[in-house]
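This is what each chain is made of:
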Amino acid sequence: MTTTTTQAVAVETSGEGLPPKNRRNLGQNLLRYRWLFFLMLPGIAYFLIFRFWPMYGAQIAFRNYVPFLGIEGSEWVGWDHFADFFSNPDFPRLLGNTLIIAGLTLFIAFPVTIVMALLLNELRLNILKRTVQTLVYIPHFLSWTVVVSLTGLLFAVGNGPLWTLVNDLFGTSTNFLADPAWFRPLILLQEIWKNTGWGTIIFLAALAGVDQEQYEAAIIDGAGRWQRVRFITIPSIMSTIIVLLILQTGQILNTGFEQIYLMSNALNRSVADVFDTYVYFTGIQQGAYSYSTAVGLAKAIVGLILIFGTNWLAKRFNQAGIF
């Protein structure tokens, strides 16, 4: 029965075997929406060229890639690079640094975005709401180079305004940019400042779809503002929160190369080395293309497993998943 169903779906998808009337409707729809399909072409071309075609090169993770021999001519070594990576003495440190930064982003920065969206949604004066939204969106459009440069100016030893303020308050002389203990807090603060406002867009769109009659009924029943948020607003956007959480979990090992690389230096390297920077140092600076590709591929596979696992957990708790 499964085979029959599969064949039926395949026939329906391909259009073969459809009654002449349905085939005619398919052709009419293609002709009718031809400009919409035409608009899809750049997006399709982007994914084919920059997302799917590079996967062909991922096979060098299983070879000793030599540029002069090409991909096909390089020696096949199987899982050797993966074994070298997992047995590398640096692997526990890289994994720990990556997971700590990813955990800070997932468990602190992500909830801050939700809280910010809820606070913006509670603003009743439209001009104030739009002004605040614009102000919190602006940092997203700054590159990490600018953000890190601003951080360097604010915490510059001797004349940085935040360096002076904090050290005067606590009577210390900490070099925040070089102290390993301050590397992760600075990374988290930068992430919150840069991306929190932009991340509220999807939540605000979800909040706009909440039935206003529920709020009116709650007010008549005497519900306060916090009770309306707790029992109406949050449950209404829970599916959006779960979907974004699943996607965020899939990116848990992608800590962001630019930010980490720009913030790292010789003094905080012990906590700044993550998988993304390790791939750059081994692949680009040391020319270990196959080994660095194996590291990146292993990271991608872990991310894929986390997406499926989180999606499965969400459905186990009767929440909406992404598939």
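What you see is a predicted model, and the numbers here were worked out from it, not measured in a lab.

1. Observations regarding the overall build of the protein
For the protein, the helix and strand inventory stands at 17 helices and two strands. Against the compact-globule benchmark of 20 Å for 323 residues, the protein has a radius of gyration of 25 Å, which places it well outside the compact range. Reported as C-alpha extents along the three principal axes, the dimensions of the protein are approximately 85 × 75 × 40 Å. In the protein, buried positions account for 33% of the 323 residues. Of the accessible surface of the protein, which amounts to about 20,200 Å², a share of 68% is contributed by carbon and sulfur atoms. Counting 20 positive and 18 negative side-chain charges, the protein places the averaged centre of each group 11 Å from the other.

2. Comments concerning the packing of helix α8 (residues 144-154) against helix α10 (residues 180-208)
Where α8 contacts α10, the two axes come as close as 11 Å, and the packing angle between them is 130°. As the angle between them shows, α8 and α10 are arranged oblique. α10 is crossed by α8, and the crossing has right-handed handedness. Across the interface between the two elements, Trp144, Val147, Val148, Leu150 and Thr151 of α8 pack against Gln190, Glu191, Trp193, Lys194 and Asn195 of α10. Classifying every residue of the contact of α8 with α10 gives five nonpolar, three polar and two charged.

3. Comments concerning the packing of aromatic side chains
The geometry of an aromatic ring pair is captured by the separation of the ring centres together with the interplanar angle, meaning the angle of the planes. Considering all chains together, one arrives at 27 aromatic pairs under this definition. Aromatic side chains Phe86 and Phe91 sit 5.4 Å apart centroid to centroid with 80° between the ring planes, which places their arrangement in the edge-to-face category. Residue classification places Phe86 among the partly exposed positions, given a relative accessible area of 47%. For Phe91, a relative accessible area of 16% gives the class buried. Ring-pair connections join several aromatic residues into one group, and the members of that group are Phe85, Phe86, Phe91, Phe275, Tyr278 and Tyr291. Directly above the aromatic system of Trp144 lies the positively charged group of Lys194, at a separation of 5.0 Å from the ring centroid.

4. Here we look at the side chain of Asn121
With respect to the secondary-structure elements, Asn121 resides in helix α6 (residues 91-122). The class for Asn121 is buried, based on a relative accessible area of 16%.

5. A word on helix α16 (residues 275-285)
Looking only at α16, the buried set comprises Phe275, Asp276, Thr277, Tyr278, Phe281, Thr282 and Gly283. Those residues of α16 that are buried are in contact with α5 (80-86), α6, α14 (257-263), α15 (269-272) and α17 (289-316). The positive-phi residue at the C-terminal boundary of α16 is Gly287, with phi of around 75°.

6. A short note on the environment of Leu119
By secondary structure assignment, the location of Leu119 is in helix α6. Judged by relative accessible area, which is 53%, Leu119 ranks as exposed. The spatial distance from the C-alpha of Leu119 to the C-alpha of Phe323 is 30 Å, given a sequence separation of 204 residues.

7. Topic: the environment of Phe183
With respect to the element layout, Phe183 can be found in helix α10. For Phe183, a relative accessible area of 2% gives the class buried. Dropping the residues within four chain positions of it, Phe183 is found in contact with Ile101, Ile260, Met263, Ser264, Asn268, Val271 and Ala272.

8. Things to note about the nonpolar core
In this structure, Phe110, Ile114, Leu118, Phe203, Leu204, Leu207 and Ile241 are the most contacted members of the largest nonpolar core, which totals 14 residues. Considering each element in turn, this core owes the most residues, five residues, to α6. Setting aside chain neighbours within four positions, we find Ile241 in contact with Phe110, Ile114 and Phe203. Ranked by size, the runner-up nonpolar core spans 13 residues in total, among them Ile101, Phe176, Ile260 and Ala272.

9. Notes on the side chain of Gln190
If you trace the backbone, Gln190 turns up in helix α10. Residue classification places Gln190 among the buried positions, given a relative accessible area of 4%. The contacts of Gln190, once residues within four sequence positions are left out, are Trp144, Val147, Val148, Thr151, Gln259 and Met263.

10. With respect to the pattern of salt bridges
Applying the stated criterion across every chain yields a total of six salt bridges. With a shortest N-O distance of 3.8 Å, Arg63 and Glu72 are connected by a salt bridge. The buried category is assigned to Arg63, whose relative accessible area is 10%. Judged by its relative accessible area of 53%, Glu72 is exposed. Between Asp276 and Lys299 there is a salt bridge, and its shortest N-O distance comes to 2.4 Å. In this pair, Asp276 is assigned in helix α16 and Lys299 in helix α17, connecting sequence segments 23 residues apart. Each member of the pair, Asp276 as well as Lys299, carries the same accessibility label: buried. Several salt bridges converge on common partners, so that one network encompasses Asp90, Arg93 and Asp273.

What counts as what
Residues numbered from 1 in each chain as written. Predicted model: local features only at pLDDT ≥ 70, side-chain atom pairs only at ≥ 80, totals over all residues. Heavy atoms only, no water. Helix = DSSP H or I, 4+ residues; strand = E, 2+ residues; numbered from the N terminus. Rg over C-alpha atoms; globule rule 2.2 N^0.38 Å. Buried < 20%, exposed > 50% of the residue type's maximum accessible area, 1.4 Å probe, protein only. Areas by Shrake-Rupley, 256 points an atom, 1.4 Å probe, with all protein chains shown as cover. Lys, Arg positive; Asp, Glu negative; His and termini not counted. Charge placed at Lys NZ, Arg CZ, Asp CG, Glu CD. Axes fitted to C-alpha atoms, helices over the stretch in contact; angles between N-to-C directions. Parallel < 35°, antiparallel > 145°, perpendicular 65-115°, else oblique. Left-handed = near helix turned anticlockwise from the far one by under 90°. Contact = heavy atoms within 4.5 Å. Nonpolar A, V, L, I, M, F, W, Y, C, P; charged D, E, K, R; others polar. Phe/Tyr/Trp six-rings, centres within 6.5 Å; stacked < 30°, edge-to-face > 60°. Lys NZ or Arg CZ within 6 Å of the ring centre and 35° of its normal. Core = buried A, V, L, I, M, F, W, Y, C linked by side-chain atoms within 4.5 Å. Salt bridge = Lys/Arg side-chain N within 4 Å of Asp/Glu carboxyl O.

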